[in-house]
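What follows is the residue order along each chain.
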Amino acid sequence: MSDVPETFFWTRHWKSILAIGTATLVATGIFVALRPKSSPPPAKKTQKRVKPKAATATATATPTPVSPPPADRPKYPAHLFPEDLKSLRPEDRARLAKEAKDLGNTFYSKRMYADAAALYSQAIVLRPDAVYFSNRAACFANLNDYEKVVEDCTEALTLDPKYVKAMNRRAGAYEALNRLNDALNDFTSVCFLEEFKNQNTMDATDRVLKEIGKQKSVAVIKSKQIRLPSEAFILAYMDSFRQTSVHIPILLGFEPKTEGDKKLQSSLAHIRDRQYSLAAEECEESVRLGLSKQFAGLGYNIRGTFSFLKGDASAALEDFNKAVEVDEHNVNTLIKRASVFMERGDLERAVEEFNRAEQVNPEDPDLFYHRGQVRFLTNDLVGAAEDYEKALSLDNTMVYANIQLAVAQYKLGNLGDSDVTFTKALRRFKNSPEVCNYYGEILVDQGKFEEAEGMFEKALQLDSKSPLPYINKAILQLQWKKDYDGAIALCKEAINVDPLCDIAFVQLAQLQLQQNKIEDAVQTWDQAIAITRTEPEIITAISCREAAAAQLYTQTHYPDVVESIRSKMV
């Protein structure tokens, strides 16, 4: 369907509509916070089992019943099935059990899984051992009897709680049975036991996490309240179009012909005044009352815009399609329809839409700015910078195009050009907190912490109701002073000023994980899920929440292992 990178939806929050920050704490993997810094490159091979002392000698596990082999089967040596087990000495039982296991291995290598299982069963009867249970589970796995796989692996883990092979095998069985949270708990525990050195296990963990996110998102989306997101998100989106700054004053001067036209002009006035809830209500009413041909396309455009902001991509696309039917040459509508395609991960159709818009008007600054955003998000930084420069050549008053060009230049390694672009933007847009915020992020990335702090303080002076400066200051406190408590307090302040800012909850959850406050992190992820807008973002938030819960499971069951991993982070 598309070439949108998988990390796109992991980093696409309200900030990315403007510019991609360089100092975000958001993890792009599952266990980044707990992976030892000194870990060697991940290996493909599972580590060998270290057998616990005396684990098998005192075992009392009850073996899973298996039908005994037919008496006329000469392939099973009779001496492996002694009639009077109680008369055998422990060492004789152990010797016979090993013989039975070795013969079972021979059958297994020949893919004679039922015969192998019978031999492993006899080994268990003779002397219960975690390896024998795990081997029989392997037979059941090949026979697609996953319930018995779980049962046998559980017996193995009762005998040897850190038996990685049995735990990994049980995780696979849980996954086959669609018991995904159980699978995730086991895969996560294996990751810790292997010290995150086995890429296969980490890939399996990610795979299960994504599937959990997809499955659980269905119920979340079904019950989710459709509402406008964070005001900061709306403001960022609206102000990224010249429709807000340039076109609205012109449209308000048109003569309305219907009551619907009047309502739509009222909606535009509310957008101008940043009263977005009222604007959405008035726009909805304008369409219901009926719009003249002059205003019809605009009405569908604005209603589609609010649907998009609410995370209802289907409703947005329906309205944008209607707007195009009324006015196929409206570049603003074409750009917004491209945004819907990007939200859905359909890069090919988004590019087609931008190409169509360019054919309509190759001199529209918004076109080049928003196409630059798509190129930026898909890591085409050279193409993105070219588009931002083109947008600015057409209208150099676009604050976000200035910001994004500077960020693109920085990511391309053109530090001098980036600094010049930011410096000019600071002079040109003296009252813009956004320039201060993003320049501050660049400074943090360069380790210029005092200068960055000054930028964030200035941003707060310009707009104390924006959550972004608080979030950036939290990141600064962590990287500069290792002040986790201060960083957490700043994230909570960001939530206080904007309770619908999902990225504030995301950053807070990450900080809580790094402080080993996993229960708090799980609760914070729950709050993030409740306010997250789109399906891809909901899936990601759920996956992160379940990853934290699985880490809590592992910490509860293997506290020494988790503590060992944490000690290697220092």
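Structural notes on the overall build of the protein
Check the secondary structure of the protein and you find 28 helices and 0 strands. If you take every contact in the protein between residues at least 6 apart in sequence, the share linking residues at least 24 apart comes to 64%. Surface accessibility of the protein: about 25,500 Å² in total, with carbon and sulfur atoms responsible for 49%.

Topic: helix α7 (residues 180-193)
Here α7 is 14 residues long and its end C-alpha atoms lie 20 Å apart, about the 20 Å a rise of 1.5 Å per residue gives. Within α7, 12 of the 14 residues are buried, which leaves it mostly tucked inside the rest of the structure. Along α7, the residues classified as buried are L180, A183, L184, N185, D186, F187, T188, S189, V190, C191, F192 and L193. Contact partners of the buried residues in α7: α6 (164-176), α8 (199-223), α27 (535-557) and α28 (559-567).

Remarks on the nonpolar core
Counting 77 residues, the largest nonpolar core has I271, Y276, F306, L309, I403, F422 and V435 as the members making the most contacts within it. Sequence-distant contacts of Y276, defined by excluding residues within four places in its chain, comprise L228, E231, I234, L235, M238, I271 and F306. Residues Y113, Y132, C153 and F196 belong to the second largest nonpolar core, which totals 55 residues.

Things to note about unusual backbone geometry
Apart from glycine, the bulk of residues carry a negative phi angle, and the bulk of peptide bonds sit in the trans form. Phi at N379 takes a positive value of approximately 70°, unusual for a residue other than glycine. Mapped onto the fold, N379 is located in the loop between α17 (365-377) and α18 (381-394). Residue class for N379 comes out exposed when judged on its relative accessible area of 61%. Despite not being glycine, K482 has its phi angle at roughly 55°, a positive value. Relative to the assigned elements, K482 resides in the loop between α23 (468-481) and α24 (484-497).

Here's the deal with the packing of α17 against helix α19 (residues 399-411)
Axis separation between α17 and α19 bottoms out at 11 Å; the angle between their running directions is 30°. For the element pair α17 / α19, the angle class is roughly parallel. As for the relative orientation of α17 and α19, their crossing is left-handed in sense. Residues Y369, Q373 and F376 of α17 form the contact with α19, whose own contacting residues are Y400, A401, Q404, V407, A408 and K411.

Re α24
For α24, which comprises 14 residues, the first-to-last C-alpha distance of 20 Å matches the rise-based estimate of 20 Å (1.5 Å per residue) to within 8%. When we look at burial in α24, the residues that qualify are G486, A487, I488, L490, C491, A494 and I495. Where α24 begins, one side-chain oxygen reaches toward the backbone nitrogen of D485, 3.5 Å away; that side chain belongs to D483.

Some words on the pattern of salt bridges
For the structure shown, the criterion picks out 34 salt bridges. Salt-bridge contacts for D152 lead to R136; the nearest nitrogen and oxygen are separated by 2.7 Å. With D152 in helix α5 (residues 146-159) and R136 in helix α4 (residues 130-142), this pair connects stretches of sequence that are 16 residues apart. Its relative accessible area of 0% is what places D152 among the buried residues. R136 sits in the buried class, given a relative accessible area of 0%. A salt bridge links R303 to E284, with the shortest nitrogen-to-oxygen separation between them at 3.3 Å.

With respect to the packing of aromatic side chains
A complete count under the given rule lists 10 aromatic pairs for this structure. A ring pair is formed by F449 and W480, whose centres lie 5.9 Å apart and whose planes are at 25°; its orientation type is stacked. Highlighted residues: F449 in helix α22 (residues 449-462) and W480 in helix α23, separated in sequence by 31 residues. What links up through ring pairs into an aromatic cluster is the set Y76, F81 and F107. Sitting over the ring of W480, K481 keeps its end group 4.6 Å from the ring centre.

Details of a nonpolar patch on the surface
Among the surface-exposed residues, V246, I250 and F254 lie close enough to one another that they form a single nonpolar patch of about 220 Å² accessible area. Along the chain, the position of I250 falls in helix α10 (residues 242-252). Residue classification places I250 among the partly exposed residues on the basis of a relative accessible area of 47%.

As for the confidence of the model for the protein
Summarising the model, the protein shows a mean pLDDT of 88, and 86% of its residues fall at 70 or more. The low-confidence segment residues 1-48 (pLDDT under 50) makes 147 contacts with residues lying over four places distant or belonging to another chain. Per-residue pLDDT stays below 50 along residues 70-74; that stretch engages in 1 contact with residues further than four places along the chain or on separate chains.

Side note on the side chain of Q477
Examined against the element boundaries, Q477 turns out to sit in helix α23. With relative accessibility at 10%, the residue Q477 sits in the buried group.

Parameters at a glance
- Residues numbered from 1 in each chain as written.
- Predicted model: local features only at pLDDT ≥ 70, side-chain atom pairs only at ≥ 80, totals over all residues.
- Heavy atoms only, no water.
- Helix = DSSP H or I, 4+ residues; strand = E, 2+ residues; numbered from the N terminus.
- Contact = heavy atoms within 4.5 Å.
- Areas by Shrake-Rupley, 256 points an atom, 1.4 Å probe, with all protein chains shown as cover.
- Expected span 1.5 Å × (residues − 1).
- Buried < 20%, exposed > 50% of the residue type's maximum accessible area, 1.4 Å probe, protein only.
- Core = buried A, V, L, I, M, F, W, Y, C linked by side-chain atoms within 4.5 Å.
- Axes fitted to C-alpha atoms, helices over the stretch in contact; angles between N-to-C directions.
- Parallel < 35°, antiparallel > 145°, perpendicular 65-115°, else oblique.
- Left-handed = near helix turned anticlockwise from the far one by under 90°.
- Polar contact = N/O pair within 3.5 Å; in protein donor to acceptor, adjacent residues only side chain to side chain.
- Salt bridge = Lys/Arg side-chain N within 4 Å of Asp/Glu carboxyl O.
- Phe/Tyr/Trp six-rings, centres within 6.5 Å; stacked < 30°, edge-to-face > 60°.
- Lys NZ or Arg CZ within 6 Å of the ring centre and 35° of its normal.
- Patch = residues over 30% accessible without salt bridge, like charges linked within 9 Å, V, L, I, M, F, W, Y side chains within 5 Å.
- pLDDT = per-residue confidence, 0-100.

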